[in-house]
Amino acid sequence: MTATPMPHVDGVSHRDVAAAGIRFHVAEAGEGDPVVLLHGWPQHWYCWRKVVPLLASERRVICPDMRGFGWSDAPPGRYEKQAMADDLFALLDTLKLERVDLVAHDWGAWAGFLACLDRPERIRSYLALNMPTPWPEPPSLGGVLSALRLWYQVALATPGLGTALIRRTDLVKRIISTGAVHPEAWSDGDLEAFAAVLREPARASASVHLYRTFLLRELGPYLRGEHRGRRLAVPTLLLHGTRDLAVDHRRLGDWERWADDMSVELRDDSGHFIAEELPQVVAQRARALFRGELDRSNRGAGDRETSDL
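The present account deals with the structure reproduced in this document.

The rules we used
- Residues numbered from 1 in each chain as written.
- Predicted model: local features only at pLDDT ≥ 70, side-chain atom pairs only at ≥ 80, totals over all residues.
- Heavy atoms only, no water.
- Core = buried A, V, L, I, M, F, W, Y, C linked by side-chain atoms within 4.5 Å.
- Buried < 20%, exposed > 50% of the residue type's maximum accessible area, 1.4 Å probe, protein only.
- Helix = DSSP H or I, 4+ residues; strand = E, 2+ residues; numbered from the N terminus.
- Salt bridge = Lys/Arg side-chain N within 4 Å of Asp/Glu carboxyl O.
- Pairing = 2+ DSSP bridges.
- Expected span 1.5 Å × (residues − 1).
- Bend = angle between axes of the 7 residues up to and from the residue.
- Contact = heavy atoms within 4.5 Å.
- Right-handed = clockwise from strand over helix to strand, strands pointing away.

### Structural notes on the nonpolar core
Part 1 of the argument: Of all hydrophobic cores here, the largest spans 108 residues; its most connected members are Leu37, Trp48 and Tyr126.
Part 2 of the argument: With nine residues, the top contributor of residues to this core is helix α3 (residues 107-118).

This is the structure we're talking about:
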């Protein structure tokens, strides 16, 4: 159990849920058809603080802290991304939710893609935020140069160094705020709410293993095309801020070949943390996608364009 104080959001309740042998913290608001919001690194449920009120007026909004994050347990382990996808279904089973809409960001979005590939009957629609798709593009010089953006992942995955960076420096705060188009999206208190809980030893260790596992065990199979041949049947929108310093919007993957109903919308008015920089846009796209009313006329399967609200 973490001793870090929980940030407050009006209308949001909190509880612990046991699933997959782990205690998960879950933040909830609203009533109606369920929608699950999955965060990424280095955050937790609080990254959705601006989106939750916009969706909770008509939906039951469920924001779990993934294993190793926030106020959920941080057990020892490799922190494979497939385990995070499996955790989602374990949570849905415990909450007795047969089918949900899904919104997810960063590593949560990677787990979301895996979940949609594994159990499409459990996900009605999927809004992914700032994360590549599971199908890499062919190797290229541009791809190699793009990989230089991942320098911080190497640092985080390094034994000793990663833990020290998280616990003893302001790296977490800088990762969130650097490169933002709207730096006013975070107060000092908001940034501290994310950094403080990660300073706890078990959670700092979880972050290190998250990236070490990715670089040493998961990146190679991904680049070799382990997901080629697996089709994405869930209606999907990938909403991506082009000012992202971590994920290159020109390298989102070869998704056109493998997705039945997917489009990409690029935003030049956001960086990586789009749910906090553009919460109104995220909520509007989510509502339209959930209702089957998303305008795809200008964003067909082969189009990647920057658009305004």
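### What to know about the pattern of salt bridges
Part 1 of the argument: Overall, the coordinates contain 24 salt bridges when judged by the stated rule.
Part 2 of the argument: Of the charged contacts in the structure, one is a salt bridge between Glu121 and Arg119, with a shortest N-O distance of 2.7 Å.
Part 3 of the argument: You can call Glu121 partly exposed: its relative accessible area is 42%.
Part 4 of the argument: Overall, Arg119 belongs to the partly exposed group, its relative accessible area being 32%.
Part 5 of the argument: Residue Arg267 is joined to Asp269 by a salt bridge in which the shortest nitrogen-to-oxygen separation is 2.7 Å.
Part 6 of the argument: Judged by its relative accessible area of 21%, Asp269 falls in the partly exposed class.
Part 7 of the argument: In this structure, a network of salt bridges that share partners links the residues Glu265, Arg267, Asp269 and Arg285.

### Here we look at unusual backbone geometry
Part 1 of the argument: A cis amide bond links Trp41 with the next residue in sequence, Pro42, at an omega value of 5°.
Part 2 of the argument: By secondary structure assignment, the location of Pro42 is in the loop between β3 (34-38) and α1 (52-55).
Part 3 of the argument: The phi dihedral of Lys96 is positive, around 60°, even though this residue is not glycine.
Part 4 of the argument: Within the element layout of this structure, Lys96 appears in the loop between α2 (81-94) and β5 (100-105).
Part 5 of the argument: With a phi close to 55°, Asp106 is a non-glycine residue in the positive phi region.
Part 6 of the argument: Considering the arrangement of structural elements, one finds Asp106 in the loop between β5 and α3.

### Notes on the pairing of strand β1 (residues 13-19)
Part 1 of the argument: In this sheet, strand β2 (residues 22-29) lies alongside β1 in antiparallel orientation, the contact comprising seven bridges. Each bridged residue has a counterpart across the sheet, and for Ala19 the counterpart in β2 is Ile22.

### Topic: helix α9 (residues 201-223)
Each α-helix turn comprises 3.6 residues. Residues three or four places apart therefore point the same way.
Part 1 of the argument: The terminal C-alpha atoms of α9, which comprises 23 residues, lie 32 Å apart, in line with the 33 Å expected from a rise of 1.5 Å per residue.
Part 2 of the argument: Along α9, the largest kink reaches about 45° and is centred on Phe214.
Part 3 of the argument: Residues Arg203, Ala204, Ala206, Ser207, Val208, Leu210, Tyr211, Thr213, Phe214, Glu218 and Tyr222 constitute the buried set of α9.
Part 4 of the argument: In this fold, the buried residues of α9 make contact with α2, α3, α5 (151-157), α6 (161-168) and α8 (188-198).
Part 5 of the argument: Where α9 terminates, the next one or two residues include Gly225, which has phi positive at roughly 85°.

### What to know about the pairing of strand β6 (residues 123-129)
Part 1 of the argument: The element β6 is largely enclosed, with a buried count of six among its seven residues.
Part 2 of the argument: Looking at chain direction, β5 and β6 are connected through five bridges and run parallel. Each residue of the ladder has a partner; that of Val103, found in β6, is Leu127.
Part 3 of the argument: On the question of chirality, the crossover connecting β5 to the parallel β6 by way of α3 is right-handed.

Fair warning: the whole summary comes from geometry, so function is off the table for now.
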